[in-house]
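Fold and contact review
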Amino acid sequence: MLKEQARRTPAPQWVRVIGGWSEFQFAERRMPTIAEINAVSQDVPVFVLNLYNRA
């Protein structure tokens with residue numbers, strides 16, 4: 001989903017994922033790494049907020 005949104009986001013906008021999700025909803029049961037985020041977002045800046053308390 002992040003890769004698709006990064007593809008559709010026009011420069012200079014950011015992709016923003018604002019809370020309301022938990023790492024436990026994914027099969028890996030962990031947060032994405034910066035390497036994983038960068039691999040799918042390319043040059044589009046990304047902000048991921050986890051449970052409204054961490055980014």
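Residues numbered from 1 in each chain as written. Predicted model: local features only at pLDDT ≥ 70, side-chain atom pairs only at ≥ 80, totals over all residues. Heavy atoms only, no water.

What follows concerns the pairing of strand β2 (residues 46-49). Here strand β1 (residues 15-18) pairs with β2 via 4 bridges, running parallel. Residue arginine 16 lies in a different strand from β2, and its bridge partner there is phenylalanine 47. Following the chain from β1 across helix α2 (residues 34-41) to the adjacent parallel β2, one finds a crossover that is right-handed. (Pairing = 2+ DSSP bridges. Helix = DSSP H or I, 4+ residues; strand = E, 2+ residues; numbered from the N terminus. Right-handed = clockwise from strand over helix to strand, strands pointing away.)

We now examine the nonpolar core. In this structure, Leu2, Ala6, Val15, Trp21, Ile37, Val44 and Val48 together form the largest nonpolar core, which totals 7 residues. Sequence-distant contacts of leucine 2, defined by excluding residues within four places in its chain, comprise Val15, Val17, Ile37, Val40 and Val46. (Core = buried A, V, L, I, M, F, W, Y, C linked by side-chain atoms within 4.5 Å. Buried < 20%, exposed > 50% of the residue type's maximum accessible area, 1.4 Å probe, protein only. Contact = heavy atoms within 4.5 Å.)

Here the focus is the environment of valine 44. Along the chain, the position of valine 44 falls in the loop between α2 and β2. Distance in space between the C-alpha atoms of valine 44 and valine 15 is 7.2 Å, their sequence separation being 29 residues. Non-local contacts of valine 44, meaning those with residues more than four positions away in its chain, are made with Ala6, Thr9, Gln13 and Val15.

Turning to the environment of arginine 29, a few remarks are in order. Turning to its location among the elements, arginine 29 is positioned in the loop between β1 and α2. Along the sequence, arginine 29 and leucine 51 sit 22 residues apart, while their C-alpha atoms lie 14 Å from each other. The residues contacting arginine 29, other than those within four sequence positions of it, are Glu23 and Phe24.

A word on the layout of surface pockets. Quantified by volume, the largest pocket comes out at close to 560 Å³. Within the residue set of the lining of the largest pocket, elements represented by two or more residues are α1 (2-8), β1 and α2. Here the lining of the largest pocket is composed, by residue class, of 11 nonpolar, 2 polar and 4 charged. (1 Å grid on protein atoms, 1.4 Å probe; cavity = no way out; pocket = protein on both sides within 12 Å on 5 of 7 lines; lining within 4 Å. Points joined across faces, edges and corners; volume = space filled by probe spheres on them. Nonpolar A, V, L, I, M, F, W, Y, C, P; charged D, E, K, R; others polar.)

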